[in-house]
Amino acid sequence: MGIMDQFLQQLINGISLGSIYALIALGYTMVYGIIKLINFAHGDIYMVGAYIGFFCITVMNWPVLPALLVSMLLTGILGMLIERFAYRPLRSAPRISVLITAIGVSFFLEYTMMYFVTPQPRTFPSILDDAAYHIGPFVINNQQIMIFAITIILMAILTYIVQYTKVGKAMRAVSFDNETAQLMGINSNRIISVTFGIGSALAAAAGVLVGIYYNSIDPLMGIMPGLKAFVAAVLGGIGILPGAAAGGIILGIIEALVSGFISSTFRDAAAFAILILVLLFKPTGLLGKNTNEKV
Amino acid sequence: MAIMLKMDDVNVFYGAIHAIKGINLEVDQGEIVTLIGANGAGKSTTLRTISGLLKPKTGTITFEDKIISGQPAHKIVEFGISQVPEGRRIFANMTVMENLELGAYVRTDKNGIKEDLKRVFKHFPRLAERKKQEAGTLSGGEQQMLAMGRALMSSPRLLLLDEPSMGLAPLLIKEIFEIIKDINKAGTTILLVEQNANMALSIANRAYVLETGKITLSGSAKELSNSEDVRKAYLGG
């Protein structure tokens, strides 16, 4: 395989991995946008989503699509419950209290899950055959096609909701200025809850896709992707939706190129080196802008 | 005239600070009532308490014979009260149109919303010209107009205005106050908080003077403009 072919191949791999980061990063950035909380439990929500998908496919024998939808629905509800009982009581507490609570929720999810499913990794059944297609110089397999398709569909739906629906406009209003949003008659608690629901559902989708892509899930699988998605969100500009999507894809591509051309040992280091560089040179992220308010 | 809004011995605290000390205030239907006073006297706090952003510790607020004190801010809008907050607080990252749509958030009557949009564009033709523009790019005066138009989109019977003249050039202030008069003539009752007491008294029917959380004077706008104390303290002699 020539170096160009290898590069293109790693590009495809990187976009697949990056799509998954992007789906997780969207939830991170939405929650940050609306209540300025780095929800460290978000990676574990993604793990729960993967397990729900796993049980739907293996125990219930469902096809991928219903398993994905049910996982998104249940995980979305879980996200709303976490917000309601762990974060909402701390709404007027110092931000550090909420952050510590998020870390607590993270451990709670990891070890509760471990209690029920054991720390043993589970093998996701291979539900798609491994057929690979040659499109020009690219080789792309079934799993990757599914990841691209589902990611694009979910992002399109999210964009539609946020830009054009009433609830989406309310989300943007609350995230810009919670108090003034209330003066419009917006029940900001309800909107925050919906935001957690949508963000968690996207993470669940990522969890199911990862299970299908890598075949293996375990209760601590959310830690690293959670951190990476956080990096992706910061890379794109935290609180900015297209930023999270772009940040995720860019991070995935860089990781794939580093593993392919240097060594997979440096893959994670590369991700965090990028975080440091972004914070040094453009702290607001690639798509972030300094907002000037007119008085 | 029918009493529309009544504050009865209302006390508000910011933590340990007693910001509003037993305020009694009435607004009749159809009036323009103004609340004047120095910086920090509690004018904004009074408005924020009516709109539900702050909760009174004791006392009641009644609007059209319903007790509204203790209701969350998003419910107060549904009662028919809308606030234009101090500093305009427009949604700068959204378009002018989206801001106006958010003003009508609690409503479902599509035709009524269309009618009110026309009404807002009649009061503020400049907003119509800029409806697709991002609100943050508007000038200060246009932002004030947008904040007022947005508040009108909920079709309020009582409009609370907090410092509409703040930071605006004298000519613009005149324009804004003319529009406030028009809005009132079209049937909306107005409670206006202003540091620019001259302008406020010139359009109001009645006024209250607030000093360190207490009402120290009240009466018709004419009486207060002629009162020696008010002239010295707030009208520049």
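Residues numbered from 1 in each chain as written. Chains lettered and ligands numbered in written order. Predicted model: local features only at pLDDT ≥ 70, side-chain atom pairs only at ≥ 80, totals over all residues.

For chain B, the name recorded in an unreviewed UniProt entry is Branched-chain amino acid transport system ATP-binding protein, with Pectinatus cerevisiiphilus as its organism. Word for word, the UniProt comment on chain B under Sequence similarities (unreviewed entry) is "Belongs to the ABC transporter superfamily." (UniProt positions renumbered as here; feature names shortened; annotations may be inferred.)

Identification of chain A as Branched-chain amino acid transport system permease protein from Pectinatus cerevisiiphilus is taken from an unreviewed UniProt entry. Of the comments in the UniProt record for chain A, the one headed Sequence similarities (unreviewed entry) reads "Belongs to the binding-protein-dependent transport system permease family. LivHM subfamily." In its Subcellular location (unreviewed entry) section, UniProt records this for chain A: "Cell membrane".

The next subject is the UniProt feature "transmembrane region" (unreviewed entry) in chain A. Taken from the UniProt record, the annotation "transmembrane region" (unreviewed entry) applies to residues 20-38, 45-62, 98-117, 145-162, 191-214, 229-257 and 269-288 of chain A. The straight-line gap between the two end C-alpha atoms of residues 229-257 of chain A is 18 Å; of that span, 86% is helix and 0% is strand. (Helix = DSSP H or I, 4+ residues; strand = E, 2+ residues; numbered from the N terminus.)

What follows deals with the confidence of the model for chain B. Averaged over every residue, the pLDDT of chain B is 94; residues scoring 70 or more account for 99%. The complex model carries a pTM of 0.92, and its ipTM stands at 0.94. (pLDDT = per-residue confidence, 0-100.)

Glancing now at the packing of helix α6 (residues 166-176) of chain A against helix α8 (residues 188-214) of chain A. Each pair of packed helices can be described by the angle between their axes along with the distance between the axes. Residue and element names in this part refer to chain A. Direction vectors running N to C along α6 and α8 enclose 105 degrees, while the axes themselves pass 10 Å from each other. As the angle between them shows, α6 and α8 are arranged roughly perpendicular. Residues V167, A170, M171 and V174 of α6 pack against S188, I191, I192, V194 and T195 of α8. When its residues are assigned to classes, the contact of α6 with α8 shows 7 nonpolar, 2 polar and no charged. (Axes fitted to C-alpha atoms, helices over the stretch in contact; angles between N-to-C directions. Parallel < 35°, antiparallel > 145°, perpendicular 65-115°, else oblique. Contact = placed C-beta atoms within 7 Å. Nonpolar A, V, L, I, M, F, W, Y, C, P; charged D, E, K, R; others polar.)

Residue and element names in this part refer to chain B. Within the open sheet, the 4 strands sit side by side as β2-β1-β4-β5. Their pairing is antiparallel. The open sheet has two edge strands, β2 (17-28) and β5 (66-67), and neither has a second partner. Each of β1 (3-14), β2 and β4 (58-63) is contacted by helix α1 (residues 43-50), which is oriented at about 70 degrees to β2, the strand it contacts most. (Pairing = 2+ DSSP bridges.)

Attention now goes to the interface of chain A and chain B. Contacts between chain A and chain B engage 17 residues on the former and 23 residues on the latter. If you list the elements that add at least two residues to the side of chain A that touches chain B, you get α6 and α7 (178-183) of chain A. The element contributing the most residues to the side of chain A that touches chain B is α6(A), with 5 residues. A breakdown of the residues in the side of chain A that touches chain B according to their chemical character gives 7 nonpolar, 4 polar and 6 charged.

Before going further, it helps to spend a moment on helix α3 (residues 96-103) of chain B. When you tally the buried positions in α3(B), you get 6 out of 8 residues, the bulk of the element. Looking at α3(B), one finds that the buried residues are B:V96, B:E98, B:N99, B:L100, B:L102 and B:G103. If you follow the buried residues of α3(B), they end up packed against α6 of chain A together with α4 (110-123), α5 (125-129) and α6 (140-152) of chain B. (Buried ≥ 20, exposed ≤ 12 C-beta atoms within 10 Å, placed from the backbone.)

This part takes up the packing of helix α5 (residues 142-164) of chain A against α6(A). All names here are of chain A. Relative to each other, α5 and α6 sit at 75 degrees, their axes nearing to 5 Å. Relative to α6, the element α5 lies roughly perpendicular. Mapping the contact onto sequence places I161, V162, Q163 and Y164 in α5 and V167, G168, M171 and R172 in α6. Residues belonging to the contact of α5 with α6 are distributed by class as follows: 5 nonpolar, 2 polar and 1 charged.

Residues and elements named next belong to chain B. Taken together, 6 strands build an open sheet; the order of strands is β6-β7-β8-β3-β9-β10 and the sheet is mixed. Taken across any chain shown, the strands that pair with only one partner, and hence form the sheet edges, are β6 (81-84) and β10 (214-220). Neighbour to neighbour, the strand axes of the sheet diverge by 15 degrees on average, direction disregarded. Where β6 meets strand β7 (residues 158-162), 4 bridges bridge the pair, whose relative direction is parallel. If you follow S82 over to β7, its bridge partner there is L159. Contacts between helix α7 (residues 170-185) and the sheet are confined to β3 (32-37), β7 and β8 (189-194), with β8 contributing the most and set at about 155 degrees to the helix.

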